[in-house]
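Below, each chain spelled out in residue letters.
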Amino acid sequence: MQVIELSHHIGGELVAGEAQLAQYNPADATDLKVAIPVADAALVAKAVASAEEAFGRFRDQGIEARSDALARVASLINAQSDELARLIARETGKTLGDAKGEVGRAARIFSFFAGEALRIVGERLESTRNGAMVEIEYAPKGVIGQITPWNFPIAIPAWKIAPALAFGNTVVWKPSELSSATGAALMAIIAKAGVMPGAVNMVLGAGETGAAICSHPGVDALSFTGSVATGKKVRMAAAERGVAVQTEMGGVNALLVLKDCDLNSAVETALNGAFLAAGQRCTATSRIIVEEAIADAFVERLSLRISEHRLGDPLDTGTHIGPLASKGQKELISRQSAAMERHPGAQLVFGGSAEALPECFFAPTLFDHAKATDPIAQEEIFGPVAAVFRVADYEAGLAMVNDSRFGLSAGLCTGSLKYSEHFKRYARAGMLMINLPTAGIDYHVPFGGVGASSYGAREQGRAAKAFYTHTRTTYLKA
Ligand code: ADP
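Only a predicted model underlies this, so the values are computations on that prediction, with no experimental measurement involved.

(A) Just the UniProt feature "domain: Aldehyde dehydrogenase" (unreviewed entry) in the chain, in detail. Those places that UniProt annotates as "domain: Aldehyde dehydrogenase" (unreviewed entry) correspond, in this numbering, to residues 20-473. In residues 20-473, the share of helix is 42% and the share of strand is 21%. The end C-alpha atoms are 48 Å apart.

(B) Inspection of the environment of Ile 190 at higher detail. Topologically, Ile 190 is positioned in helix α6 (residues 180-192). Looking at Ile 190, the relative accessible area reads 2%, which means it is buried. As for Ile 190 and Val 200, which are separated by 10 residues in sequence, their C-alpha atoms are 8.0 Å apart. The residues touching Ile 190, leaving out its near neighbours within four places in the chain, are Val 73, Ile 161, Val 195 and Val 200.

(C) Structural context of the sheet that holds strand β1 (residues 2-5). Pairing in this open sheet of 3 strands is mixed, and the strands run β1-β5-β4 from one edge to the other. Strands with a single pairing partner mark the edges of an open sheet, and in this sheet they are β1 and β4 (19-24). Strand-to-strand twist across the sheet, computed as the mean angle between neighbouring axes with direction ignored, equals 25°. Sheet topology places β4 next to strand β5 (residues 32-37); 5 bridges connect them, and they run antiparallel. Bridge assignment links Ala 22 to a residue of β5, and that residue is Ala 35. The sheet strands contacting helix α3 (residues 81-92) are β1, β4 and β5, and the helix crosses β5 at an angle near 85°.

(D) Quick peek at unusual backbone geometry. One non-glycine residue, Ala 278, lies in the positive phi region at around 50°. Even without being a glycine, Gln 460 presents a positive backbone phi close to 75°. Mapped onto the fold, Gln 460 is located in the loop between β22 (454-455) and α15 (464-468). Judged by relative accessible area, which is 1%, Gln 460 ranks as buried.

(E) Layout of the packing of helix α13 (residues 394-401) against helix α14 (residues 417-426). Running from N to C, α13 and α14 cross one another at 25°; their axes reach a closest spacing of 11 Å. By the criterion of interaxial angle, the relationship of α13 to α14 is roughly parallel. Classified by chirality, the crossing of α14 by α13 is right-handed. Between α13 and α14, the contacting residues are Tyr 394, Leu 398 and Val 401 on the first element and Tyr 419, His 422, Phe 423 and Tyr 426 on the second. Of the residues in the contact of α13 with α14, the class split is 6 nonpolar, 1 polar and no charged.

(F) Local environment of the site of the ligand. Taken together, 17 residues are adjacent to the ligand, and Thr 148, Lys 174, Glu 177, Ser 227 and Thr 230 come closest. Contact between the ligand and Thr 230: an oxygen atom at 2.8 Å from a side-chain N or O atom of the residue. The fraction of the free accessible surface of the ligand (550 Å²) that becomes covered by protein chains is 82%. Using a 2 Å cut-off from the grid points, one finds that the ligand occupies the largest pocket. Elements represented by at least two residues in the shell around the ligand include exactly α7 (207-215), β11 (221-225) and α8 (228-241). Counting residues per element, the shell around the ligand draws most heavily on α7, which supplies 3 residues. Of the residues belonging to the shell around the ligand, the class tally is 6 nonpolar, 8 polar and 3 charged.

(G) Seen up close, the nonpolar core. In this structure, Ile 77, Phe 110, Phe 113 and Ile 161 are the most contacted members of the largest nonpolar core, which totals 71 residues. Considering every element that reaches this core, the biggest residue donor is helix α4 (residues 96-116), with 10 residues. Two domains each donate at least three residues to this core, and these are domain 1 (2-249 + 453-477) and domain 2 (253-434). Leave out the neighbours within four places in its chain, and Ile 161 touches Phe 110, Gln 146, Val 171, Trp 173, Leu 186, Ile 190 and Val 200. In this structure, Ala 278, Ile 288, Ile 294 and Phe 298 belong to the second largest nonpolar core, which totals 50 residues.

(H) Local environment of the packing of helix α2 (residues 63-79) against α6. Where α2 meets α6, the closest approach of the two axes is 9 Å, and the angle between their N-to-C directions is 130°. Classed by the angle they form, the pair α2 and α6 counts as oblique. Note that α2 runs across α6; the crossing there is right-handed. Between α2 and α6, the contacting residues are Val 73, Leu 76 and Ile 77 on the first element and Leu 186, Ile 189, Ile 190 and Lys 192 on the second. Among the residues forming the contact of α2 with α6, the class breakdown is 6 nonpolar, no polar and 1 charged.

About the cut-offs
- Residues numbered from 1 in each chain as written.
- Predicted model: local features only at pLDDT ≥ 70, side-chain atom pairs only at ≥ 80, totals over all residues.
- Heavy atoms only, no water.
- UniProt positions renumbered as here; feature names shortened; annotations may be inferred.
- Helix = DSSP H or I, 4+ residues; strand = E, 2+ residues; numbered from the N terminus.
- Buried < 20%, exposed > 50% of the residue type's maximum accessible area, 1.4 Å probe, protein only.
- Contact = heavy atoms within 4.5 Å.
- Pairing = 2+ DSSP bridges.
- Axes fitted to C-alpha atoms, helices over the stretch in contact; angles between N-to-C directions.
- Parallel < 35°, antiparallel > 145°, perpendicular 65-115°, else oblique.
- Left-handed = near helix turned anticlockwise from the far one by under 90°.
- Nonpolar A, V, L, I, M, F, W, Y, C, P; charged D, E, K, R; others polar.
- Near = heavy atom within 4 Å.
- Polar contact = N/O pair within 3.5 Å; in protein donor to acceptor, adjacent residues only side chain to side chain.
- Areas by Shrake-Rupley, 256 points an atom, 1.4 Å probe, with all protein chains shown as cover.
- 1 Å grid on protein atoms, 1.4 Å probe; cavity = no way out; pocket = protein on both sides within 12 Å on 5 of 7 lines; lining within 4 Å.
- Sits in = over half its atoms within 2 Å of the grid points.
- Core = buried A, V, L, I, M, F, W, Y, C linked by side-chain atoms within 4.5 Å.
- Domains from an automatic or database assignment.

What follows is the structure in structure tokens.
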């Protein structure tokens, strides 16, 4: 078995510590062990002090130096793409193909923000007081605390770290305890690319380390992606200290399939959204809402397509669906699926909790005849589990799409311009997908939802500027 011993990374130095947490390859626990030290509040304080100390120098290094450094990170990620993808597959269970796609995406995010660093546009206006001028500038916020999950172990850190640096901030970052080796690999690339020491500091650990970042008075803003419960804690900590916060959490995303759709492509859309990446995407489809007139044909075709998908070793290129990320996730998903199986009315069509699979594998699971009162209708299941809800028509379907406290991504399969225009206007979600899976998003446009899914300014694309800068208004009179 390979053992990877990790260190924190503070002020350009590796800081060793006694390993207190471990992550194993979820497809084969005998293959890889990641040994993780845990940063306590004192070490987090050191990381914050390092980011504070670097802040002024980093900001004043200027936009070209920042842009060049981000571009070098992108090139190094691409140069190490194969080994990064293998590490992601072994550490989190993501299939090699998905992991490669994610690594490429992370590189593109750094490239995108290398460009954005050069385009921090302000405004200059005439003052209402004659003879005076007003300038509006976008200045860095300072030290950004960033807490990331395991499901996109390099892309999510990229879409937080790259804009933070592009706009002149420094960072204290904690990757998930389930993807710390990937985090450390990205951190090593950031250092090798010559990003100023102290501009990005990585502390390892779990919830207590994350909480220490959130409550440290030197952290000027908090960006978090993860569960609903933790997101709330992060927001409470930010409110307590009065600092900016953005939290990206889950969704119980719906795909509405109308009878005028292209059935085969709607099935592929549902299959992709619900089951790829083992359903471990916050934009994954868990509610497939289908017009009754085509529901039998839809469920039959979807079941057939699920059966053609191979569950297996993420490193094997023939594998479509890998394991869940950890034993804990498997227990959770098994419990949630079992609760759904017990619920009166809902019919298990495929998979289910009774399938005894090794390690962290969980079979793609499909329910039919689900109801709005079923657990899957309201609570996120972060695994390859989805349910078909049958509805009489578009109006009933739209009402069901909107019957959720979440609102991250919502999809519609239809051939009708009338319905797609109506859906765009009335579906309650931050991201709308017409004839596309609810999951699978671009990196150059805003990402985020409404309701319990997201809080604060949008991430990604040019929208990232709102979170990573503060607005400075200067009045000038000669
Ligand atoms: P998930 O189970 O989907 O990974 P979590 O919300 O538990 O979601 O974890 C997301 C990230 O938040 C991880 O890096 C985790 O270590 C961190 N985290 C967990 N608890 C806290 C907390 N109380 N404060 C700050 N960060 C936390």
